[in-house]
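So you can see what is in the structure, the chains are spelled out below.
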Amino acid sequence: MAGDPAAAKKARAALLLETLERLRVRCPEAARPDDLEDYCRFLTLKVAAKDWYASLLSPPLVVDKIWHAHLLDTLAYEEACAAMGVPRDVRILHHDPNGAVDAVARAARQQRALAHYSACWGPPPGGNWGDDRHGAAKRSAPAAASPEDRRRSPRSRITEPAQISLKAVTLEGEEQLFMCKTNTQFAQLFTIICRHFQLDPKEIQVLYEGSRLIPYLTPQDYDMEDGDIIDIMMQQTGC
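Residues numbered from 1 in each chain as written. Predicted model: local features only at pLDDT ≥ 70, side-chain atom pairs only at ≥ 80, totals over all residues. Heavy atoms only, no water.

Labelled according to an unreviewed UniProt entry, the chain appears under the name Ubiquitin-like domain-containing protein, originating from Prymnesium parvum.

Take a look at the structure:
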């Protein structure tokens, strides 16, 4: 289903760059005007296509990095989605953290996004768009090493994600260190924490530097370091 270019442009007009000022500060990619504009256009294409649950369109790599940073600012992200016309019962344009598992399907969604982009705004001026296999991957590929460099350099190795320890602290002052990799989704860590402290996952919220951790994100999304503290709080109920 192709998105309506008129609907995309209407949504883009409603998304004011002033509302994304905090995003510019937090995300290096968002500080570049062209990349931030591409991100805004991607969101509005999803609105026009009614792709609420990330099943039709996927962004190129640079745009995806900005999207991740925006998701961390949950209130600002929800406000931006509302301004663009995301229905109240949907609330936000949802992100699928497992969308990259099937590389072929992801590439198809990226190519579909490029087609929608071109139909609305014409060919993209920068090099962001296309699928990861043929677009950003080629642009970021390092120059081939010379034979002399290869002789002098050790064989490259695939590095494993770093492992860090996070200190969980409860309201009662109980503390416990938990080990995890920097690419571990917090949902897995929350399960272990609840089992250790004998807590109901539905009754807690986990905070880092005052902000609630999003279950499908990871320590590397928050730039966490070894020894960082996370606070275990009980959910507030009532009016």
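A. The layout of surface pockets, seen in detail. Volume-wise, the largest pocket comes out at about 930 Å³. In terms of lining, the largest pocket is formed by 37 residues, of which the most central are H68, A69, L72, L217 and D221. Elements with a minimum of two residues in the lining of the largest pocket: α4 (61–72), α6 (103–121) and β4 (211–212). With six residues, α4 is the largest single contributor of residues to the lining of the largest pocket. Of the residues that constitute the lining of the largest pocket, the class distribution is 15 nonpolar, 10 polar and 12 charged. Taken as a whole, the second largest pocket spans an internal volume of roughly 290 Å³. Surrounding the second largest pocket, L71, T74, L75, Y77, E78, V90, R91, I92, H94, H95, I214 and Y216 form its lining. (1 Å grid on protein atoms, 1.4 Å probe; cavity = no way out; pocket = protein on both sides within 12 Å on 5 of 7 lines; lining within 4 Å. Points joined across faces, edges and corners; volume = space filled by probe spheres on them. Helix = DSSP H or I, 4+ residues; strand = E, 2+ residues; numbered from the N terminus. Nonpolar A, V, L, I, M, F, W, Y, C, P; charged D, E, K, R; others polar.)

B. How the structure looks around unusual backbone geometry. Unlike most non-glycine residues, R91 shows phi in positive territory, near 80°. When you line up the elements, R91 lands in the loop between α5 (74–84) and α6. Positive phi is not limited to glycine here, since Q198 has a value of about 55°. With respect to the element layout, Q198 can be found in the loop between α9 (186–197) and β3 (204–208).

C. Quick look at the environment of L71. Tracing the sequence through the fold places L71 in helix α4. By relative accessible area, L71 is classed as buried at 3%. Considered as a pair, L71 and L23 are 48 residues apart in the sequence and their alpha carbons are 9.8 Å apart. Excluding anything up to four places from it in sequence, L71 contacts Y77, H95, I214 and Y216. (Buried < 20%, exposed > 50% of the residue type's maximum accessible area, 1.4 Å probe, protein only. Contact = heavy atoms within 4.5 Å.)

D. Quick peek at the packing of helix α1 (residues 5–14) against α6. α6 packs onto α1 with a crossing angle of 85° between their chain directions and a minimal axis gap of 9 Å. In terms of axis orientation, α1 runs roughly perpendicular to α6. In contact with P5, A8, K9 and R12 of α1, α6 contributes A119, C120 and W121. (Axes fitted to C-alpha atoms, helices over the stretch in contact; angles between N-to-C directions. Parallel < 35°, antiparallel > 145°, perpendicular 65-115°, else oblique.)

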